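# Remarks on the overall topology
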Amino acid sequence: MSVNFISAQDALARMAIPLGSPGGFSTIIDARSEDEYALDHLPHAVNWPSLNNEERIFVGTLYKQQGAFEAQKHGAAMVAANIARHIQREVLDLPKNWQPLIYCWRGGKRSGSLSMVLGQVGFKVNLIEGGYKAFRAAMVEDIPKRVEPLQFKVISGPTGSGKTRLLYALAAEGAQVLDLEDLACHRSSVLGHIPGQPQPSQKRFDTLVWQALRSFDSARPVFVESESRKVGNLSIPESLMLAMRDSPCFELQISLEERVALLMEDYKFFVDDHDSFCRRLDALVALRGKAVVDAWKMQVATGHIENVVRDLLVLHYDPTYASSMVRNFTQTGQAKACVAADRHPESLHKVAQALCLQVGA
């Protein structure tokens, strides 16, 4: 049997090597259930459950009701059947030099069973000591080390100025971009929930951030939007937040009317769904008062949504954003203006080109 136990730190370091390359892994296999895998998993991992969701619940219930021996007998039968199906489906055509990395929750029975069978076949199998739990701890510890050498350039500007669109334009110019809202599936405001797109778990978000950070070249700047500590329900890693807040700012400026038009485009789901829009406005009652929010709802009901968007910007978002920037971003007072003629891609690409030249991106 050829099973090589490796530390979480070693697995973390070898993640930098592309799959299938010399010194790297051929495949990364998560032996946990589908729900555990969905909550978070190692980058590029595929899911080969030793016990699926229903089987895991069944074995756990059996353990509580009849004890470990009965649970282990039934669990062993299910694990053996699942491993046989995985081998039949995925392994029969693989060459002998295939070298997988396998893990489960804590490097225990589920990954051990799969590793033992594959090792006895003749494959060189790598098993993470401590499993996903140990890998996550090592990854969280690694995030500040990934942040420390990076040169962040913060794109600031009031709500609706097109910061996210500018990030897209910068990426199109070949610049390095960290789009936290994209990773978090949220537009980072009271109205920022995107219908039909649930946010990932905090653990998944942390992994996605780490994966993005390790892809950057520290010799080149990284553009990031001026986020608050939380994007929807997800917290930005503390070391990253502190680095962003101490970085140079570039303020994107655009007219109020263009901002209103941009938001009408980007939040079209609210324009089309008045009931959903009004429900989201309820979150502002504590800050703006019931009378103001009820008046906004009345305008939404009568189709005057642009008026509501304009009021939201002038009365709520702009003062809140301005005070937050002064309070939290140390270089906001020295922010360099980036003026866009309008919200359209051509104008934002011109801003992106000028920015790239300015900072050597």
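For the structure itself, consult the block above.
Going along each chain's sequence as written, the residues are numbered from 1 onward. The predicted nature of this model means local features are confined to residues of pLDDT at least 70 and side-chain atom pairs, given and counted, to a pLDDT of 80 or more, with totals for whole chains, interfaces and linings taken over all residues. Values reported for side chains reflect all heavy atoms of the structure, with hydrogen atoms and water molecules removed beforehand.

### Focus on the overall build of the protein chain
Counting its secondary structure elements, the protein chain contains 17 helices and twelve strands. Here the C-alpha coordinates of the protein chain stretch approximately 70 × 50 × 35 Å along the principal axes. Across the 361 residues of the protein chain, 45% fall into the buried class. Contacts in the protein chain between residues far apart in sequence, at least 24 positions, make up 73% of those at least 6 positions apart. With an accessible surface of roughly 17300 Å², the protein chain has 55% of that area assigned to carbon and sulfur atoms. Only four residue types enter the charge count, namely Lys and Arg as positive and Asp and Glu as negative; His and the chain termini do not. Charged groups are reduced to one reference atom each: NZ for lysine, CZ for arginine, CG for aspartic acid, CD for glutamic acid. Across the protein chain, 39 positive and 40 negative side-chain charges occur, with their mean positions spaced 6 Å apart. Strands are runs of DSSP state E lasting at least 2 residues, helices are runs of H or I lasting at least 4, and numbering of each runs from the N terminus. Only protein chains enter the accessibility calculation, which uses a 1.4 Å probe. A residue is then buried if its area is under 20% of the maximum for its type, exposed if over 50%, and partly exposed in between. Working rule for contacts: check all heavy atoms of both residues, and any pair within 4.5 Å makes them a contact. Each accessible area is a Shrake-Rupley estimate made with a 1.4 Å probe; only the visible protein chains count as cover when residues are assessed.

### Regarding the environment of G108
Among the structural elements, G108 can be located in the loop between β4 (100–103) and α5 (109–121). When its relative accessible area of 35% is taken as the criterion, G108 is described as partly exposed. Spatially, the C-alpha atoms of G108 and V359 are 49 Å apart, while their sequence positions differ by 251 residues.

### So, the sheet that holds strand β3 (residues 46–47)
Sheet architecture is open: five strands sit in the order β1-β5-β4-β2-β3, paired in parallel fashion. Looking at strand neighbours, the two that pair on one side only are β1 (3–6) and β3, the edges of this open sheet. Direction of pairing for strand β2 (residues 27–30) relative to β3: parallel, over a ladder of two bridges. Paired with I29 across the bridge in β3 is V46. Against the sheet, α5 touches β1, β2, β4 and β5 (125–128), its axis set at about 165 degrees to β5. Should DSSP find at least two bridges between two strands, the strands are regarded as paired. For helices, the fitted line uses only the C-alpha atoms of the stretch in contact; every axis is such a line through C-alpha atoms, and the angle between N-to-C directions lies from 0 to 180 degrees.

### What to know about the sheet that holds strand β7 (residues 176–178)
Read from one edge of the open sheet, five strands run β7-β8-β6-β11-β12, paired in parallel fashion. Only two strands of the sheet have a single neighbouring strand rather than two, namely β7 and β12 (336–339). On average, adjacent strands in this sheet sit at an angle of 30 degrees to one another, irrespective of strand direction. Examined bridge by bridge, strand β6 (residues 151–156) and strand β11 (residues 249–253) share three bridges and lie parallel to one another. Bridge pairing links V154 to C249 in β11.

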